[in-house]
Structures are given as C-alpha cells and as structure tokens.
Amino acid sequence: MQSIVATLLIAGCAYSISASAGNVQIQVLGRDGKPVPEAVVVLYPSAANAATAPSLLQASPTIEQERMRFVPALTVVAPGTTLRFTNQDRWDHHVRGTPVGPAATGGAGGNEGFEMRLAGKQDGQAAQAAETTVRQPGVLLLGCHLHGSMRGHVFVTDSAWTLKTDADGIARFTAVPDGAAQLRVWHAEQLVDLPRKNLQVQPTPVLDTMQLSVVPRPRRPLPASAPAPARAGSAPHIHY
Ligand SMILES: [Cu+2]
C-alpha cells in the first residue's frame, strides 16, 4: 500500500513538472503597483534555442477605425508583416503611422512612416481598406490627420517571444527554452526605456514582475455613438 502511494506521488510530481516546464509569467505594474494591460513583454531566450520559437504573433492583423478609435489600440507584429487598416466609420479617416523611439532616429534601422486616406463606409458597401508593410523592428505611433484624439501603436518586435499583457497585466508564455533569457517591457506611456532584466528559465514556473516608472492613464471608453462629421467620400489616396 505504502509503495503504491509513493508511486502515485512521484507520478504526480513528474506530471506537474512537465506541464509547467518553460512557463514564464510576467506581470507589468504601474508606479502605483496596479496591473497594466496593453503593455508589451518581450523575451529573448538564449540564441541556441531560437529555432524553437512559436508563432505568437498575428500574421495578417487588421486595425479597424471604429467610432473614432483604433481597434486594437496596440498591435504587435514581426518585421515583414502587412497591416490592414479598415474604416468602419461613416466618415473619412486619414491614418498616419509615424516611427517613434530610438529606431526612428537610427537611420537605416527605422521604419518608413506611412499615411493613407480611407473614405467613410457607405450603406450596403464594404468598408474601405488599405495595407502597408512594416519592415524593421520599432514602434509606430498611429494617428489621424482629421481627428487629433485618435491614437494607436504598432510594436514591431525583434523576438518571436512577444506578447501583450492581459487585463491583469500578465503575459503568459509557455514552452520557453530553458536557460538564460532577457526580458524587456514596453508601454506607450513609458517614455524612458526600462532596463532589461535577466531571467533564468527552468523546469519550474518563472514568475516575475516589471514596474513602470509611470502610471498609465486609463483608456477612454468606446463611445456608444460618435459624432459623424459630414465629409464627402473621396477616392483612396495612399502614400507609402
Ligand atoms: Cu480620423
């Protein structure tokens, strides 16, 4: 009897260890200690294991212009990804993407900016869409020439191990290769880059936190109905 119990215990342990191998959970906190959703958590596992990288990123993301907002407000992609912008509002948007941060001033390392005019959606017709491809790691600030309140970001990452934090401020990675890894956290309102942190990924779960030096403002709620500025529809006018 005793040996059966011992066997079961050993089996249970083995199971829980294998189920949690490579689990890395990073919680991002504001300066006030509260969880921060919509932060970007980037892991850089040791180079020897780079081949095992998963596909955590969307291959063909769409960013909607909906009720005067970019939805989602933050899009995380790999270099080479084509972004699709779709105007669901009844009025025009003139979307622009502006490189910000260190890559913007790094010459060849930065992305080109882009802009695109998208006519308002007409009854019974498909929403107008336009695409642009991001080539280099870096951050693009999204705005609209017509509506100064519209803000969004595209984070072009240099690691396949990249996630946005959820409502609890947590990014949950699984099956991260064992060994040394670096951790980077980015948030739109964290203007001074936080220093990277060294992690040791191991068979037991790794739980860690990164604290911003700012308290991000809560995002303004989606209005039930936005005012509809009367603008004549126009042909798409796209610059790359
Ligand atoms: Cu607009």
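Above this text sits the structure in question.
The structure presented is a predicted model; accordingly, all values stated were derived computationally and were not measured.

Trainee: How do you make sense of the overall build of the protein chain when you look at a structure like this?
Mentor: The helix and strand tally for the protein chain stands at 1 helix and 17 strands. The buried share among the 240 residues of the protein chain stands at 30%. Contacts spanning at least 24 positions in sequence make up 71% of the contacts within the protein chain whose residues lie at least 6 apart.

Trainee: How should I be thinking about the sheet that holds strand β16 (residues 206-211) in this particular structure?
Mentor: Whenever strands of a sheet pair, they do so through backbone hydrogen bonds, lying parallel or antiparallel. Ordered by their spatial adjacency, 3 strands build an open sheet running β13-β1-β16, and the pairing between neighbours is mixed. The sheet is open, and its two edges are formed by β13 (170-173) and β16, each paired on a single side. Recorded for the sheet is a direction-independent mean angle of 15 degrees between the axes of neighbouring strands. Bridge count for strand β1 (residues 24-29) against β13 is 4 bridges, and the pairing is antiparallel. Its bridge partner being in β13, Q25 is matched across the sheet by R172.

Trainee: Could you clarify how one ought to interpret the pairing of strand β14 (residues 179-186) in this entry?
Mentor: Residues in a regular strand project their side chains so that they alternate between the two faces of the sheet. Bridge count for strand β2 (residues 40-45) against β14 is 6 bridges, and the pairing is antiparallel. What sits directly across from V40, in β14, is W186.

Trainee: Teacher, can you tell me more about the nonpolar core here?
Mentor: Looking at soluble globular proteins, one finds that nonpolar side chains tend to be buried together. Within the largest apolar cluster, 41 residues are counted, with the highest numbers of intra-cluster contacts made by V28, V41, L43, V154 and F155. Here this core spans two domains, and each of domain 1 (20-54 + 159-218) and domain 2 (58-156) adds at least three residues to it. If sequence neighbours within four positions are ignored, F155 has contacts with V40, L74, V76, V139 and W186.

Trainee: How should I be thinking about the environment of L183 in this particular structure?
Mentor: Its place among the elements puts L183 in strand β14. L183 sits in the buried class, given 21 other C-beta atoms within 10 Å. Distance in space between the C-alpha atoms of L183 and V42 is 5.8 Å, their sequence separation being 141 residues. For L183, the residues in contact, after removing those within four places along its chain, are I26, L43, R196, K197, L199 and M210.

Trainee: Help me understand the sheet that holds β2 in this model?
Mentor: Overall, antiparallel pairing links the 4 strands, which are arranged β12-β2-β14-β15 in an open sheet. Of all strands in the sheet, those with a lone pairing partner are β12 (162-164) and β15 (197-201), marking the two edges. Taken over all neighbouring pairs, the strand axes of this sheet differ in orientation by 30 degrees on average, direction set aside.

Trainee: Even after reading the chapter, I still don't get unusual backbone geometry, so can you show me in this structure?
Mentor: Backbone phi values are negative for most residues with the exception of glycine, while trans is the configuration of most peptide bonds. In this structure, P72 follows V71 across a cis peptide bond, with omega equal to 0 degrees. You can see P72 is positioned in the loop between β4 (69-71) and β5 (74-77). Positive phi is not limited to glycine here, since R67 has a value of about 50 degrees. With respect to the secondary-structure elements, R67 resides in the loop between β3 (62-66) and β4. Its identity is not glycine, yet M68 carries a phi of approximately 70 degrees, on the positive side.

Trainee: How should I be thinking about the environment of V176 in this particular structure?
Mentor: Summarising the element assignment, V176 is placed in the loop between β13 and β14. Here the alpha-carbon distance between V176 and V24, two residues 152 residues apart in the chain, equals 7.2 Å. If sequence neighbours within four positions are ignored, V176 has contacts with G22, V24, L43, P45, W161, A181 and V201.

Rules and cut-offs
Residues numbered from 1 in each chain as written. Predicted model: local features only at pLDDT ≥ 70, side-chain atom pairs only at ≥ 80, totals over all residues. Helix = DSSP H or I, 4+ residues; strand = E, 2+ residues; numbered from the N terminus. Buried ≥ 20, exposed ≤ 12 C-beta atoms within 10 Å, placed from the backbone. Contact = placed C-beta atoms within 7 Å. Pairing = 2+ DSSP bridges. Axes fitted to C-alpha atoms, helices over the stretch in contact; angles between N-to-C directions. Core = buried A, V, L, I, M, F, W, Y, C linked by C-beta atoms within 7 Å. Domains from an automatic or database assignment.

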